[in-house]
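Below are the chains, spelled out letter by letter.
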Amino acid sequence: MTISWVRQPSFEAPELLTERTRLRGHRVSDLDPLARMWADEDVVRYISGKPSTRQESWARLLRYVGHWRLLGFGYWAIEDRHTGEYLGELGFADFKREMTPSLGGVPEAGWLLAPEVQGRGIATEALTAVLQWADANFIGDRIAAIFDPAHERSIRLAARCGFAAQGEATVVGTQALLMSRRRPLL
């Protein structure tokens with residue numbers, strides 16, 4: 001059985017440019033800044049609550065690349081368009097989460113920025129670009145996102161970008177807020 005989410009799958013992350021960022025596929029050279037970001041307690045407070053080891057960050061980087069190779073969508077690295085500095089990551093995934101209700105094959109949006117660039121509108125700019133990409137490329141009409149209910153900053157960002165609360169979900173025994181966004185009618 002073949003599952004398809006994307007009209008014309010891309011097996012490499014397409015480059016997307018915004019005013020201040022370049023969204024591109026992950027590279028081996030992203031490991032150090034990615035690992036630093038995921039090891040920061042403040043950054044992961046509302047995601048896992050536990051800093052990641054370098055080995056866990058390496059597995060995450062491989063998972064991002066694997067999504068593009070196997071599913072035709074995934075996460076982009078966010079870099080400063082002018083300096084090349086790694087700023088974070090965002091995109092879509094199918095993590096096969098143990099959760100109730102199930103996402104049922106709906107792509108899950110997610111994002112994470114380095115602490116020094118948070119609060120500057122980078123996430124809004126980059127998320128807007130990837131949602132435009134999704135609107136043009138996803139077959140389904142919905143994208144989901146799940147949040148720690150206390151993660152107000154990300155919940156506000158999701159709402160600004162068209163996500164609406166759908167209710168509670170349980171993810172591996174932990175309560176989460178489930179939000180979704182429907183593709184705009186063209």
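The structure we're discussing is the one just above.
Residues numbered from 1 in each chain as written. Predicted model: local features only at pLDDT ≥ 70, side-chain atom pairs only at ≥ 80, totals over all residues. Heavy atoms only, no water.

### Digging into the overall build of the protein chain
Piece 1. The helix and strand inventory of the protein chain stands at five helices and nine strands.
Piece 2. Counted from the first residue to the last, the protein chain has its helices and strands arranged as β-β-α-α-α-β-β-β-β-α-β-α-β-β.
Piece 3. Radius of gyration (C-alpha) of the protein chain: 15 Å, near the 16 Å computed for a compact globule of 186 residues.
Piece 4. In terms of overall dimensions, the protein chain has C-alpha extents of about 35 × 35 × 35 Å along its principal axes.
Piece 5. Counting the 186 residues in the protein chain, one finds 47% classified as buried.
Piece 6. Taking contacts inside the protein chain between residues at least 6 apart in sequence as the whole, the part at least 24 apart equals 66%.
Piece 7. Accessible surface computed for the protein chain: about 9900 Å², of which carbon and sulfur atoms make up 52%.
Piece 8. Taken together, the 23 basic and 23 acidic charged side chains of the protein chain have centroids lying 4 Å from each other. (Helix = DSSP H or I, 4+ residues; strand = E, 2+ residues; numbered from the N terminus. Rg over C-alpha atoms; globule rule 2.2 N^0.38 Å. Buried < 20%, exposed > 50% of the residue type's maximum accessible area, 1.4 Å probe, protein only. Contact = heavy atoms within 4.5 Å. Areas by Shrake-Rupley, 256 points an atom, 1.4 Å probe, with all protein chains shown as cover. Lys, Arg positive; Asp, Glu negative; His and termini not counted. Charge placed at Lys NZ, Arg CZ, Asp CG, Glu CD.)

### Considerations on the pairing of strand S6 (residues 108-113)
Piece 1. Buried residues dominate S6, accounting for six of its six residues.
Piece 2. Every second residue of S6 is oriented toward a common face, with Glu 108, Gly 110 and Leu 112 on one face and Ala 109, Trp 111 and Leu 113 on the other, all of them buried.
Piece 3. Two strands pair when backbone bridges link them, and strand S4 (residues 86-93) and S6 are joined in this way by six bridges, in the antiparallel orientation. Along S6, the bridge assignment pairs Gly 88 with Leu 113. (Pairing = 2+ DSSP bridges.)

### Considerations on the packing of aromatic side chains
Piece 1. This model, assessed by the stated rule, comprises 11 aromatic pairs.
Piece 2. Between Trp 76 and Phe 92, the ring centres sit 6.3 Å apart and the planes meet at 80°, which makes this aromatic pair edge-to-face. In this pair, Trp 76 is assigned in strand S3 (residues 75-80) and Phe 92 in strand S4, connecting sequence segments 16 residues apart.
Piece 3. Assessed through its relative accessible area of 0%, Trp 76 is described here as buried.
Piece 4. Between Trp 76 and Trp 133, the aromatic rings sit 5.3 Å apart at their centres with planes inclined by 80°, giving edge-to-face as the arrangement. Taken together, the residues Trp 76 in strand S3 and Trp 133 in helix H4 (residues 122-137) connect sequence positions 57 residues apart. Pair check on accessibility: Trp 76 and Trp 133 agree, each one buried. (Phe/Tyr/Trp six-rings, centres within 6.5 Å; stacked < 30°, edge-to-face > 60°.)

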